[in-house]
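Each chain, letter by letter, is given below.
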Amino acid sequence: MRNPWAQTGNYRTSYAQDTTIFANYREIVSVGLLLVALCLLPLFLERSQVLVLNFILIYAIAVLGLNITTGYAGLISIGQAAFMGVGAYTVALTAPSLPFWLTLPLGGLAAAVAGFLVGIPSLRVKHLYLALATLAFQEIFVWVVGRSPALAQGAAIPVEMRNFLGLEITFRNHNYFWYYVILFVLVLMVIAWRNLLRGKYGRALIAVRDNDRAADAMGMDPGRTKLFAFALGAFYGGVAGGLLAYLQRAVVVEEFTLARSVALLAMAIVGGLGTVVGSLLGPAFIEFLRLGVERLSEWMKANPFIQSITPAGVDVASALLPLSFGLVIVLFLIFEPRGLYNWWRLVRSYFRTWPFKY
Amino acid sequence: MTDFLQNLISGIAVGCIYALAALGFVLIYKSSRVINFANGQLIAIGAFTAYALAVWMGLPVLLAALLALLLTALLGFVVERVFLRRLVGQPIISVIMVTIGLASVLDGLMYLTPFGSGNFTFPPFLPPGGLNLGGLNISYPQLLAIGFTVVFLLMFGWFFQRSVLGIAMRAVADDQMASMSLGVSVEKVFALAWAIAGLTAAAAGIVVGMVSGLNQDSLIAIGLAVFPAVILGGLDSVPGAVVGGIIIGVLQSFSTAYLDPLLTQVGLVGGGSQYAMPFVVLLIMLWFKPHGLFGTEEIERV
């Protein structure tokens, strides 16, 4: 801290310093710059590009939640999309009568209750069984929504918001308006995430993940800690789902299927489990991969040569997406299980230690 | 009463298919503690291979089925060698995610073949109709499903009780360390478990293909329906897989017959409760008896 240009190690001398949100003032400056850049970014982008950004930020919120359940507490959740769905449908049902800053936390709370219920088996069993409990919840959710007349049997339920504090939200500025709302919520959620997990509860989650019997012996209640992790992770998912409902002006059940859950889990892993930076990089990576593959398959469809060499009945375009997606997951897990966050860390430490190698 | 028995029989026939698929799943879990999310894809690939061999190559159906079993077993073996081998000792989430990623890759590969979309039916080699037992009708494909499962179970029973490899697999499942120090090759056992899983998955897929035709989505869905079956029976119990599979099959058949009309009356339009039923059972089991009917209860307080 004394001379930041010659930083060689950890200068923290007290516990209070050790648990600060930011390690040093350079981090404050860089995060501030990043925020300013993110605020200015839409000025240079078209409407459709802002929409892509919006999706990435929403998934980032959901992945942050997943990083509590899976990254911190080590409980694999294959149901994050269903928790998003609970939030989205809560928003869809309450939006006509309540303002959006109330429906969003409400959606989160509903999802947290669902997460609590799904987490109940964690009082007795570990790992794989819990993954299956979330899987079961995911499937039941899709079935219930798909069959309930009250929820339009999974078809679109409109979520309208026409104006906000005198600002009229039209087709033109819709994406831009929600970009700033989502960014604001994301920043809030990241601060809460960091704050929560650097303290007592976060340490308890790590302790329970690493060895729950030892944690038990040290006076933490592993069952309660796991339920807490499930509920909190689901809360983040619920808020993300609510934002998605507003952004798309509607909810449809197709947004919240098992495939989306798996995609979220992939984002968390590709980004790097249990990290904020990873929660942003993962969704961005997977979304850009999806866009790239879609662009590629459109090009292939238009290209007469490729059309002539593909045999009849073969749909190369729809094969590319699952293929590339699965390959990315498998390759990352085998070669870089710590995810993109690790690359980010390496680059950062390279700059910090330059001109020395390490 | 006849209706009830009829539903019971068709449920058992479907359940036998689940049991077959669950068997391979349990073997993998028992020996290497890996949950295989690509089970549905193995089922689909096995079935499509049999179809391709029988219809496109013109082989006799039985020979094609046999070859498909062997090829899918080989695929399971290769999967273990290429992917799972590298992940020994990694956290469980990595292992689960690799099988999920693998499922996605296999999905993509299937889209590259004409099987990716559309329905296919095996050439009929069984006479139409079925056995008639005092008003009950058992179609030949159903009979085939039940017979196939019984034969497979007898074979496995013999394999695990009598053959050296089977005994080695049981040893590894019980205590990896001890069996390693007594000279059992744990690596071989893992590979064998995956090969057998491929074999049983293909068997399940072929039976489904004969009973109700081939469609990628519905074949993969069987891979999901296996989870409730194995949790119900106990994740690490071979007899549990069979019992669980049959119970889930019967439950599905009953919920179509009796629960759907009820739900339609209450206002849940459309029914289709057979798709949700297994997962409701799964959740309830996890709440109250998480280790299943026959699973070993790990004695620890979590």
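Higher on the page you've got the structure.
Here's what I pulled together on the structure shown here.

Cut-off values and rules
Residues numbered from 1 in each chain as written. Chains lettered and ligands numbered in written order. Predicted model: local features only at pLDDT ≥ 70, side-chain atom pairs only at ≥ 80, totals over all residues. Heavy atoms only, no water. Pairing = 2+ DSSP bridges. Helix = DSSP H or I, 4+ residues; strand = E, 2+ residues; numbered from the N terminus. Contact = heavy atoms within 4.5 Å. Buried area = accessible area lost by both parts, 1.4 Å probe. Salt bridge = Lys/Arg side-chain N within 4 Å of Asp/Glu carboxyl O. Polar contact = N/O pair within 3.5 Å; in protein donor to acceptor, adjacent residues only side chain to side chain. Nonpolar A, V, L, I, M, F, W, Y, C, P; charged D, E, K, R; others polar. Expected span 1.5 Å × (residues − 1). Buried < 20%, exposed > 50% of the residue type's maximum accessible area, 1.4 Å probe, protein only. Bend = angle between axes of the 7 residues up to and from the residue.

1. Some thoughts on the pairing of strand β1 (residues 130–133) of chain B
All names here are of chain B.
At step 1: Of the strand pairs in this sheet, β1 and strand β2 (residues 136–139) are connected by four bridges, and their pairing is antiparallel. What sits directly across from L131, in β2, is I138.
At step 2: Connecting the antiparallel pair β1 and β2 is a turn made up of two residues, with G134 showing a positive phi of about 50°.

2. What about the interface of chain A and chain B?
At step 1: Contacts between the two partners involve 54 residues from chain A and, on the opposite side, 52 residues from chain B.
At step 2: Buried area between chain A and chain B, summed over both chains or domains, comes out near 4,600 Å², and the portion from carbon and sulfur atoms is 76%.
At step 3: Applying the counting criterion to the chain A and chain B interface returns zero salt bridges.
At step 4: Across the chain A-chain B interface, the total number found is two residue pairs in polar contact (both at pLDDT 80 or more).
At step 5: Tallying contributions element by element places helix α14 (residues 316–335) of chain A first for the side of chain A that touches chain B, with 13 residues.
At step 6: Broken down by class, the residue content of the side of chain A that touches chain B amounts to 36 nonpolar, nine polar and nine charged.

3. As for helix α3 (residues 61–82) of chain B
Residue and element names in this part refer to chain B.
At step 1: With 22 residues, α3 should reach 32 Å at 1.5 Å per residue; the first-to-last C-alpha distance of 31 Å fits that figure.
At step 2: Of all the positions in α3, only V61, A64, A65, A68, L69, T72, A73, G76, V79 and E80 are classed as buried.
At step 3: Packed against the buried residues of α3 are α2 (39–56), α4 (92–111), α5 (140–162) and α8 (186–212).

4. A closer look at helix α10 (residues 238–266) of chain B
All names here are of chain B.
At step 1: The terminal C-alpha atoms of α10 lie 39 Å apart, and with 29 residues this matches the ideal 42 Å at 1.5 Å per residue to within 8%.
At step 2: By the largest-angle criterion, S255 marks the main kink of α10, which is about 45°.
At step 3: The distance from a side-chain oxygen at the start of α10 to the backbone nitrogen of G240 is 2.9 Å, and the residue carrying that oxygen is S237.

5. Examining the environment of E298(A)
At step 1: Relative to the elements of secondary structure, E298(A) occurs in helix α12 (residues 276–302).
At step 2: Given the relative accessible area of 57%, E298(A) is considered exposed.

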